[in-house]
Amino acid sequence: MTTDTAGRTTIHLVPHTHWDREWYRPFQSFRMQLVDLVDRVLDMLDTEPAFAFTLDGQLATVDDYLEIRPEGEARIRSHVRSGRLAIGPWQILMDEFLVSGETLVRNLEMGWARAEDFGGPMRVGYLPDMFGHVAQMPQILRGAGLADAVVWRGIPAVIDRHAFRWEAPDGSWVRAEYLPAGYGNAAHLFAAPDGLEGAAQRFVEWARPWFGDDPVLAMYGTDHTAPVPELAGLLSRLNEVQEASMMEISTLAGYIDAAPPLRADAPRWRGEMRSGARANVLMGVASARIDIKQAAGRAETLLERYAEPLIALHVAADAWPEPFLRLAWRKVVENSAHDSICGCSVDPVVAQVLVRFAEAQQIAGTLARRAAATVALAVPRGAVAVLNPTPATRSGLVEATLAVPDDWKAVSLELPDGTRIATQELSRTRRVLLETDLRGNAVDELFRRFHGREIFDHAWNGYRIEGRTLTLEVDTDPDPAWLDVDGLRAEVMAAMRAAPDDAWHVRILARPRRTLAASVPAPALGWTAVRPVEGSGGADGAARLVSDGRGLANDLLAVDVSADGTLRLRAADGTEIGGVGRIVDGGDHGDSYNYGPPASDTIVTEAASVAVDSDLAGPVRGRLTVRRAYDWPLGLVADGSARSGETRRTEVVTEIELRAGEPFVRVRVAFDNQSDDHRVRFHVPLPRASDTSVAEGQFAAVTRTMTGEGGYHEEPLGTYPAHGWIDAGGMAVILRHLVEYELAAGDAPSGRELAITLLRSTGLISRNENPYRQDPAGPEIAIPDAQMRGSWEMSFALHPHGGAWTDGGVAAVAERYRHDLLTATGSAPPDAEWPPADAGDPALTLDGRHVAFSSLRRRADGWLEARLVNLADSPVSATLRGSITDARFATLRGEPGRSLEVDGQGNLRLDLGPAEILSVQLRRTETARATAAVLDVSGPRQGA
Ligand SMILES: [Zn+2]
């Protein structure tokens, strides 16, 4: 071990706290305790020059403190600058697996920028309590300029000392400092001051196998703890009497600086770390509180793939809504805290988490709609603007409610280039909104229903009087745009009052509208417009209902419902599989962290009844609904050893939808859960045998085996989180949000199936005697809302294919399924230019197989910043096209790097290494529109 001049081992004592911002108590309650803690820490830093403190690697602790003690800012700044108070680099200590890669990056960017306000962040990728670590974290840290990580959970058994080389799939690596026994391994060193010398001695002896000759890191602090005020004095007395070791107060950064470089023989690990060798990895959080995971997925997708890129490309640069985006991202990042996103907190915390996601979603959704409304300024009323969030030209479903004359037998949609595409009529709107008889002198009663021009959510557009019949014409669009409503009303009132005692027949008649579906081609990240025309259009790749209403097919995929309600899928390439969609319900005597079956489980797989009906038969959308009724036990018996005999009949409704031109089937499963303590999974047999699965998440396609590594007496289940998609044995399951899955043995000829967790119901944060875990993960506190009673649904898509995921076009299919086209009704005058200028032109195109598009946003001085990821493990060339004039590299935190060459056509060629995450900044010839339009003045609706 490193020794001082007296030959003593150096122990770096790092006083710190681990601050779970909200968990078994809500945020405001823990925050009060945080203020006390930071008060004490600042006092100690003020008065004791030898004291130092590491504030848990997250700026949230600083922000939450300063919100209450704004006067403390200067003190914090001076101690950060002196190097004795270490803050950041994260904004929050997140869970790495349950949020998007982009959320991880924004977290680091946000925390780092905030730390700069105080003198700069701790330059250590501190990851003390995360429930495992994602594969790309070393690349994320390096991309932000960090060379070190500090980790605890998830570290595999092969790591047998304190420092190791952790590599991302792209080959970039960091020096990882493993915290044996966790971030609180010296938390209790000062529990008995009289016995301090013995405690220190025992600590050194315990640590020696991990640290060898290196200085020892002692983490003094744990969940929500404060250091003893007399720490410095205790330490100097200890050092006077200690013979074997010398303890000095340090920060985590101070220790990392003092530690020797990685030895040549240091262990190496490449990729994600989810081992339970020496600590719980708590894999069951991926299925706890699916409502949180769904809300996270919605907010992240809206922010990353709609609000930011569509505004960046289609709205003028000076209207970039940075404060709104910052606020929305802040909510998402706050929720990524490991106890928040995991769903392992008390019910009031979860309620607050859902509100934060709702706010992020409201902001992002409104911004996306404003981008679309801005584009729709150029589109005549009666037509529809269609925006494509994908950086490739593609088709997607457009549903629009359009004014179509009653006498049109067939309607098609016309594209800007004159092409006509087939539509499917989904519904017609009711034409008569009100029909009543009224005396002429009671006309006031009629107009009392009006608010200016608004009547029943429609705009009043005109009237007709025929005899004693008054017809008021209304529409969802104001047509004409400007109307003298007062004058019009005066005319009607005068006419009716002229025959005051006559009975008038009054009708409010809406313009006939049809809701039509079409598969519309839309240019890469650009927009197009469609308008209804009479006559039928082509129907390439049409979806159709086949046989007796128990099957759907298009050119690429056929789906049939079997007698038991499961599906048989047949892809055009010959890949075929039956028995898809068994619903498997079993007991769960675990908790929010870990699934744990009752000693005697009852698995329900047989439906008591099966019914199939169909409502959509193509050519654009074909849909079947399978209704299966199950008798699910109501809960567990009192001691949790078995499921209760009492059951509740639960109807599981599975909607199966096939659309024109899509090689995958859309599945939506819904049920009203009235059972407790159980787990419901959707089983997907694999066309071909496979002992590994690949899952997309956090900038990587990660390969996993069927079980995890155990050792710490936590059952090493092969249940894993997946963010974008799962692929195994020729079956891809495409996801809209994070789900838990397991590759398991099954009855299919391949012997393998994927089990997708639809719902996991539990009633405790942590069960002291969880059958699948020895070391409790938290307090045994009831969380009745985590039973998830009520109506739930989950949507995903199934894509059977030949070859590996790279052969099966899985990433492209996922891009399509996860990102619907966005529409806005045209708001230009009906006689405005057709086709609208720019309609049908791509804005920014990304060519590159397996290259995922993670973000596009505006930076300072007219620069756009794009982040791309090569999901494959081989190098790839990608091209970004779209009137690019300048380009340069950027770090993961958005700092500009060296210039990139753009060719004469405005194209930027990029070479991505295997699994590389690449951030580039671009300038383009802008065609974005002014935004006056987004002021919402067009709608007929007025205050009521
Ligand atoms: Zn924690």
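The following paragraphs examine the structure supplied in this document. (Residues numbered from 1 in each chain as written. Predicted model: local features only at pLDDT ≥ 70, side-chain atom pairs only at ≥ 80, totals over all residues. Heavy atoms only, no water.)

Focus on the coordination of the zinc ion
At step 1: Bound to the zinc ion on the protein side are H18 (NE2), D20 (OD), D129 (OD) and H338 (NE2), at distances that span 2.0 to 2.1 Å.
At step 2: Bound by four donor atoms, the zinc ion shows angles of 85 to 169 degrees at the metal and therefore irregular coordination geometry.
At step 3: Counting gaps between the donor residues of the zinc ion yields the pattern H-x1-D-x108-D-x208-H. Highlighted residues: H18 in the loop between strand 1 (9–15) and helix 1 (27–47) and D129 in the loop between strand 4 (125–127) and helix 5 (137–143), separated in sequence by 111 residues. Note on accessibility: H18 and D129 belong to one class, buried. (Donors = N, O, S within 2.8 Å, 3.2 Å for Na, K, Ca; no water. Tetrahedral: all angles 85-135°; square planar, octahedral: opposite > 155°, others 65-115°. Helix = DSSP H or I, 4+ residues; strand = E, 2+ residues; numbered from the N terminus. Buried < 20%, exposed > 50% of the residue type's maximum accessible area, 1.4 Å probe, protein only.)

What to know about the environment of A316
At step 1: Along the chain, A316 falls in the loop between helix 9 (290–314) and helix 10 (322–335).
At step 2: Between the alpha carbons of A316 and D457 there is a distance of 31 Å; along the sequence they are 141 residues apart.

Quick look at the sheet that holds strand 9 (residues 245–249)
At step 1: Across the sheet, three strands lie side by side as 8-1-9; this open sheet has parallel pairing. In this open sheet, the two strands that pair with only one neighbour each are strand 8 (216–220) and strand 9. Averaged over neighbouring strand pairs, the angle between their axes works out to 30 degrees when direction is ignored.
At step 2: By the bridge criterion, five bridges tie strand 1 to strand 9 in an arrangement that is parallel. Bridging across to strand 9, H12 finds its partner in E248.
At step 3: Where helix 6 (residues 196–211) meets the sheet, its contacts fall on strand 1, strand 8 and strand 9, and the angle it forms with strand 8 comes to roughly 125 degrees. (Pairing = 2+ DSSP bridges. Axes fitted to C-alpha atoms, helices over the stretch in contact; angles between N-to-C directions. Contact = heavy atoms within 4.5 Å.)

Remarks on the sheet that holds strand 19 (residues 469–475)
At step 1: The mixed open sheet is built from five strands, whose spatial order is 16-20-19-18-17. At either end of the open sheet lies a strand with only one pairing partner, and these are strand 16 (432–439) and strand 17 (454–455).
At step 2: Bridge count between strand 16 and strand 20 (residues 503–510): seven bridges; the pairing is antiparallel. Across the sheet, the residue bridging to E435 is R507, located in strand 20.
At step 3: Running at roughly 30 degrees to strand 18 (residues 458–466), helix 14 (residues 485–497) makes contact with strand 16, strand 18, strand 19 and strand 20 of the sheet.

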